[in-house]
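# Observations on the model geometry
Chain by chain, the residues run as shown.
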Amino acid sequence: MTRATTVRAVLAAAVLLVSVFITLTMSPRLGLDLQGGTRMVLQAKDSATVEANRETTDRTLEVLRQRIDSLGVAEPVLTRSGEDRIIVELPDVQDPRQAAAVIGRTAQLSFHAVQGAMPPGTDPEAGSEKRTDRLVLPDEQGTQLDLGPARLSGAGVKDATASFEAQQAAGWTVKLDFHKDAGKDWTKLTGEAACHPAGDERRRVAIVLDEKVISSPQVDPSVGCQAGLPSGGTQITGSFSAKEARDLALLIKGGALPVPVEIVEQRTVGPTLGAAAIDASAQAALIGAALTALFITIVYRLFGALAAVALAAYGVISYAALVGLGVTLTLPGLAGFVLAIGMAVDANVLVFERAREECQDRPSRSLRSALTTGFQKAFSAVADSNITTLLAAGLLFFLGSGPVKGFGVTLAIGVIASMFSALVIARALTEIAAGSRFVSDYRGVNGIARPGSVRTWLTRKDPQLFRKPVQWLVISTALVAVAVAGIVVRGVDLGVEFTGGRLVEYSTSRPVDVETARSTLAEAGFGDAEVTTAGDGDISVRTGKLDNDGEYALRTALATEGGETTKVRDELIGPSLGDELRRNALIALAVAVFVQLAYLAVRFRWTFAVGSVAAMVHDVIIVVGAFAWLGRPVDGIFLAALLTVIGYSVNDSVVVFDRVRELWAGDRKAPLATIARRAVLQTVPRTVNTGMGALFILVALAVLGGDSLTDFALALLIGICVGTWSSVFTAVPGALVLERTTSAPPPVPGRSAKRARAPRRDPLDNGARV
């Protein structure tokens, strides 16, 4: 065993030990879509500058934190997003009405001197009239109070408690305690009011909450002019019930929000749905990984079995990385974790196929030498393909929202872990095995000393693929035309996430058909609701603008037919956020195209880059068109799948063009069409085997993943099949057509012209020239 192999083995063992320790001692941090609960996105309004936005949002965050702590929610999470948004996550909160009422209220508490009053019924429009320096509002009895400017704000309140005053017959009251400076202002305000005679309206102090007078008590006659009340001696009375007094005390104690806030997004997921998603994803991961491991073991025998061991190690390492870094595992993130298992096979397949070629070209060379050369030659393709996937993951993180960000993080961690698994763990295992005389001598055991069935068939048939490359482009154009027709004729069903509105899914104790549910909701005043069936007979209702009280009324109406009605999922997206998410989705796709084009143009010829990007756009259009024809929704999870398809499509093209570059550098006089044909035929085994590994995982997700993951898996299934086609029959023909317009010399990767090696006989090349 060489020193390099020993270093890899020690490093692999160390990382695995740490990963196992983390896995056994730490628990994953589950997102609300997996553990159940409510997620709200609040947006602060009316701040004039970016600095003001940031400052007021931070103050608002602290106020909300106090309020939520008072609600008694276990382990709430509050974070600032951008300059003016706050994300609030409330585990186990299934009915967000009370939380939204307490969290979202501005609670602009203020104290005013009363300038005068008008009898009830006088100028009924005055309740909302604002003057330059005064406010006219009705008091508890409907009397219109003429109020002066606010003398004190709720921010000066130090504490507020609800108590029952039985002896004074005041019932439930709220006691206030002021901060030091605010207490002085309170004493001054009440002292000025005390200068007016008892019974005079001007002896009152109005306490206003959100431009509503909640109490306007007279200053006690015992208080002298300019003496005022002490800062700790204030009570708010107003015939409160116990609940009203406690809620009011909670709002006041939490403090006044610096600016009004608006709920722009709200998602509620039932705990049963989250548990079902975890179970389904776990089953899909186990079954898909087992099938993938069995497949690569059959194809590559002993080395395939060792790659399966490395694949298991990859699962432990990537999971430990997620847990150790404190990444919140969401439903799309869980799907990304499962998907990355299939993608982790790609690097091993690339290496093994290159090693097979080395064994074919030089049958006398040792197995260890062929394996080492396979790792060396596959490295550039592995690096380029994984970098393109990381670019897609980065776009998901920076331009996605909510759970989609988690998918981007999970995918990125999976890509890095898969490279470590293939280039360190699998390499150490296979190099140790290759040092065995038994493994080296018996070619049927090691799995790479003999050509695979796909390579053997291609060698025998030797198809002439690119004699007329334009024909392949015509077929690809026809497929795109069919997809565009679906988008135009059927339209794209944008999800609530992109259009705004509300989508609620209910589970009923008695079966309810769609027509009955639709008529029931129409009778209850929800005639514009779109009603469809979801998995297991659940009812899905999609409406436009609907607040939490309206959702409760909708659920109550549905319960008249369905019996006990449980909310399984609830998504509320404000129209402004929907516009922003739709815009970000388009930006993400445009940036993906540009970034991939720029990267490929640097790494390859510009013609190769344009061909790869054309294939990528071809794949995106076909996937969107397929969803349009199928009537499936296009939402944030679909966007995650689409950007993953982009990474996979470019990944396939990179592998092909990397081989074109290598072969062309070794045989500069050969026509590019011949070089391209040889490159495609040599890389087809890798493409087929990698695609099969991913398909096992995706089929398992589509069958076992439930409604939440079916569309995600379906989009990727379509994308991988189309991407496999386009990397060969769109990207390569496109590059060939573009090359006819340029006379640039062939590329020579990583070496000067003097050091270029002589061409080597290729078993797939029968000498034909196009």
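Residues numbered from 1 in each chain as written. Predicted model: local features only at pLDDT ≥ 70, side-chain atom pairs only at ≥ 80, totals over all residues. Heavy atoms only, no water.

### Describing the state of the cysteines
Among covalent bonds in proteins, the disulfide is the one between the sulfur atoms of two cysteines. Tallied over the entire structure, the rule returns one disulfide. In this model, cysteine 195 is linked to cysteine 225 through a disulfide, with the two sulfur atoms separated by 1.8 Å. One disulfide, between cysteine 195 and cysteine 225, carries an S-S torsion of 80 degrees and so falls in the right-handed class. Of this pair, cysteine 195 sits in the loop between α5 (180-193) and β10 (205-209) while cysteine 225 sits in the loop between β11 (213-215) and β12 (234-240), and the two are 30 residues apart along the sequence. (Disulfide = S-S within 2.5 Å. Helix = DSSP H or I, 4+ residues; strand = E, 2+ residues; numbered from the N terminus.)

### A closer look at the packing of helix α21 (residues 672-704) against helix α23 (residues 731-739)
Axis separation between α21 and α23 bottoms out at 11 Å; the angle between their running directions is 165 degrees. For the element pair α21 / α23, the angle class is roughly antiparallel. Note on packing geometry: the crossing formed by α21 with α23 is right-handed. Mapping the contact onto sequence places Leu672, Ala673, Ala676 and Val680 in α21 and Val732, Leu736 and Glu739 in α23. When grouped by side-chain class, the residues that make up the contact of α21 with α23 number six nonpolar, no polar and one charged. (Axes fitted to C-alpha atoms, helices over the stretch in contact; angles between N-to-C directions. Parallel < 35°, antiparallel > 145°, perpendicular 65-115°, else oblique. Left-handed = near helix turned anticlockwise from the far one by under 90°. Contact = heavy atoms within 4.5 Å. Nonpolar A, V, L, I, M, F, W, Y, C, P; charged D, E, K, R; others polar.)

### Quick look at a nonpolar patch on the surface
On the surface, Leu286, Ile287, Leu291, Leu294 and Ile298 cluster together to form a nonpolar patch covering roughly 500 Å² of accessible area. Mapping isoleucine 287 onto the fold places it in helix α7 (residues 271-324). For isoleucine 287, a relative accessible area of 42% puts it in the partly exposed group. (Patch = residues over 30% accessible without salt bridge, like charges linked within 9 Å, V, L, I, M, F, W, Y side chains within 5 Å. Areas by Shrake-Rupley, 256 points an atom, 1.4 Å probe, with all protein chains shown as cover. Salt bridge = Lys/Arg side-chain N within 4 Å of Asp/Glu carboxyl O. Buried < 20%, exposed > 50% of the residue type's maximum accessible area, 1.4 Å probe, protein only.)

### Re the nonpolar core
Most often, soluble globular proteins keep nonpolar side chains buried together rather than apart. Phe466, Phe638, Leu643, Phe657, Val660 and Val732 are the most contacted members of the largest nonpolar core, which totals 88 residues. Element by element, the count of residues in this core is highest for helix α20 (residues 636-666), at 16 residues. Discounting residues that sit within four places of it in the chain, valine 660 has contacts with Phe608, Leu672, Ile675, Ala676 and Ala679. Residues Ile317, Val345, Ala355 and Ala433 belong to the second largest nonpolar core, which totals 46 residues. (Core = buried A, V, L, I, M, F, W, Y, C linked by side-chain atoms within 4.5 Å.)

### What about the pattern of salt bridges?
Counted under the stated rule, the structure contains 24 salt bridges. Where glutamate 353 meets arginine 356, a salt bridge forms, and the shortest distance between an N and an O atom there is 3.4 Å. Taken as a pair, glutamate 353 and arginine 356 lie in helix α8 (residues 331-361) at a separation of three residues, close to a single helical turn. Exposure remark for glutamate 353: the relative accessible area of 2% places this residue in the buried category. With a shortest N-O distance of 2.7 Å, arginine 605 and glutamate 739 are connected by a salt bridge. Of the two residues, arginine 605 is situated in the loop between α18 (575-603) and α19 (606-630) and glutamate 739 in helix α23; the sequence distance between them amounts to 134 residues. Since its relative accessible area comes to 13%, arginine 605 is described here as buried. Several salt bridges converge on common partners, so that one network encompasses Arg39, Glu89, Glu265, Arg267 and Glu571.

### Some points on the packing of aromatic side chains
Scanning the model with the defined rule gives twelve aromatic pairs in all. Between phenylalanine 178 and tryptophan 186, the ring centres sit 5.4 Å apart and the planes meet at 20 degrees, which makes this aromatic pair stacked. When its relative accessible area of 4% is taken as the criterion, phenylalanine 178 is described as buried. For tryptophan 186, a relative accessible area of 3% gives the class buried. Ring centres 4.6 Å apart and planes at 10 degrees place the aromatic pair phenylalanine 608 and phenylalanine 657 in the stacked group. Here phenylalanine 657 lies in helix α20 and phenylalanine 608 lies in helix α19, a separation of 49 residues in the sequence. Three or more aromatic residues link up through ring pairs in this structure, and these residues are Phe111, Phe178 and Trp186. (Phe/Tyr/Trp six-rings, centres within 6.5 Å; stacked < 30°, edge-to-face > 60°.)

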